[in-house]
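These are the residues of each chain, in order.
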Amino acid sequence: MWRNEIAGLNVGLLLSLSTLILAFGCGPSSAPRPASEPASPTPAVAEGGSEPSADSAAAATEADQPAAVLESLADLSPEDRALAIKQRICPVSDETLGSMGTPAKVRVRDRDVFICCESCEEDLLAKPDEFLAKLPK
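Residues numbered from 1 in each chain as written. Predicted model: local features only at pLDDT ≥ 70, side-chain atom pairs only at ≥ 80, totals over all residues. Heavy atoms only, no water.

1. Quick look at the nonpolar core
Counting 22 residues, the largest nonpolar core has Cys-90, Ile-115, Cys-120 and Leu-124 as its most contacted members. When contributions to this core are tallied by element, the ones reaching two or more residues are α3 (67-73), α4 (78-87), β1 (104-108), β2 (111-115) and α6 (128-132). (Core = buried A, V, L, I, M, F, W, Y, C linked by side-chain atoms within 4.5 Å. Buried < 20%, exposed > 50% of the residue type's maximum accessible area, 1.4 Å probe, protein only. Helix = DSSP H or I, 4+ residues; strand = E, 2+ residues; numbered from the N terminus.)

What follows is the structure in structure tokens.
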């Protein structure tokens, strides 16, 4: 009888763990994203009804960032923080950099690239051209 109770407990723990992983993101340092923050940045539509160019979308500043994101980016050096703010998103997950904790920096093809968490590094290195194409020049 106690074996059935232990088996039921193990299944319950696995389900709880799976739910937590799904709820809190892809990396070990992931934090839940506030409900008010979109999963990926949506560029503002210009007065003429068209989306801004890639260059103007890349011109993000610290003032454009939510407080929670700025708090996560505060652990980076000033130079890295400026690069992460300019990059804005993780090219692998399309998450806002800093929304899941301090972003990780990876050197890819002589370029520093920030990712939302260390779990994205394997995909970035496996398909660098695909993910680098998503980033501002």
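2. Observations regarding the pattern of salt bridges
Here the structure, examined in full by the defined rule, presents 5 salt bridges. The shortest N-O distance in the salt bridge between Asp-80 and Lys-105 comes to 3.1 Å. In this pair, Asp-80 sits in helix α4 while Lys-105 sits in strand β1, placing the two residues 25 residues apart along the sequence. Classification of Asp-80 as buried rests on a relative accessible area of 15%. (Salt bridge = Lys/Arg side-chain N within 4 Å of Asp/Glu carboxyl O.)

3. Brief notes about α4
Of the residues making up α4, those classed as buried are Asp-80, Arg-81, Ala-84, Ile-85 and Gln-87. Down the axis of α4, the sector holding all buried residues measures 160 degrees, keeping them to one side. Facing away from the buried side of α4, by more than 90 degrees, are the exposed residues Pro-78 and Glu-79. Contact partners of the buried residues in α4: α3, β1 and β2. One or two steps after α4, the chain reaches Arg-88, where phi turns positive at roughly 70 degrees. (Arc of directions from axis to C-beta. Contact = heavy atoms within 4.5 Å.)

4. Some details on a negative patch on the surface
A cluster of acidic side chains, namely Glu-118, Glu-121, Glu-122, Asp-123 and Glu-130, defines a negative patch on the protein surface. Looking at which element gives the most residues to the negative patch, the answer is helix α5 (residues 121-126), with 3 residues. (Patch = residues over 30% accessible without salt bridge, like charges linked within 9 Å, V, L, I, M, F, W, Y side chains within 5 Å. Areas by Shrake-Rupley, 256 points an atom, 1.4 Å probe, with all protein chains shown as cover. Lys, Arg positive; Asp, Glu negative; His and termini not counted. Charge placed at Lys NZ, Arg CZ, Asp CG, Glu CD.)

5. Structural notes on the side chain of Ser-72
Residue position: Ser-72 is located in helix α3. Residue contacts for Ser-72: discarding those within four places in its chain leaves Gly-98, Gly-101, Thr-102 and Pro-103.

6. Topic: the pairing of β1
The two faces of β1 differ: Ala-104, Val-106 and Val-108 on one face are buried, but Lys-105 and Arg-107 on the other face are not. Pairing analysis gives 5 bridges linking β1 to β2, with the strands arranged antiparallel. Opposite Val-108, over in β2, you have Arg-111 as the bridge partner. Hairpin geometry of β1 and β2 is characterised by an intervening segment of 2 residues between the two adjacent antiparallel strands and by a positive phi of about 50 degrees at Arg-109. (Pairing = 2+ DSSP bridges.)

7. Re unusual backbone geometry
In this structure, Asp-94 is a non-glycine residue whose phi angle is positive, near 65 degrees. Position of Asp-94 relative to the elements: it lies in the loop between α4 and β1. Backbone geometry at Asp-110 places phi at a positive 60 degrees, although glycine is not the residue there. Looking at where Asp-110 falls in the secondary structure, it is placed in the loop between β1 and β2.

8. So, the confidence of the model for the chain
Per-residue confidence for the chain gives a mean pLDDT of 72; residues scoring 70 or more make up 56%. Under a pLDDT of 50 for its full length, residues 17-23 has, in the predicted model, 0 contacts with residues more than four places off or in other chains. With pLDDT under 50 throughout, residues 28-59 is counted as low confidence; its partners more than four residues away or in other chains account for 35 contacts. (pLDDT = per-residue confidence, 0-100.)

9. Here's the deal with the environment of Ser-77
Residue position: Ser-77 is located in the loop between α3 and α4. One polar contact links the side chain of Ser-77 to the main-chain amide nitrogen of Asp-80, over a distance of 3.1 Å. (Polar contact = N/O pair within 3.5 Å; in protein donor to acceptor, adjacent residues only side chain to side chain.)

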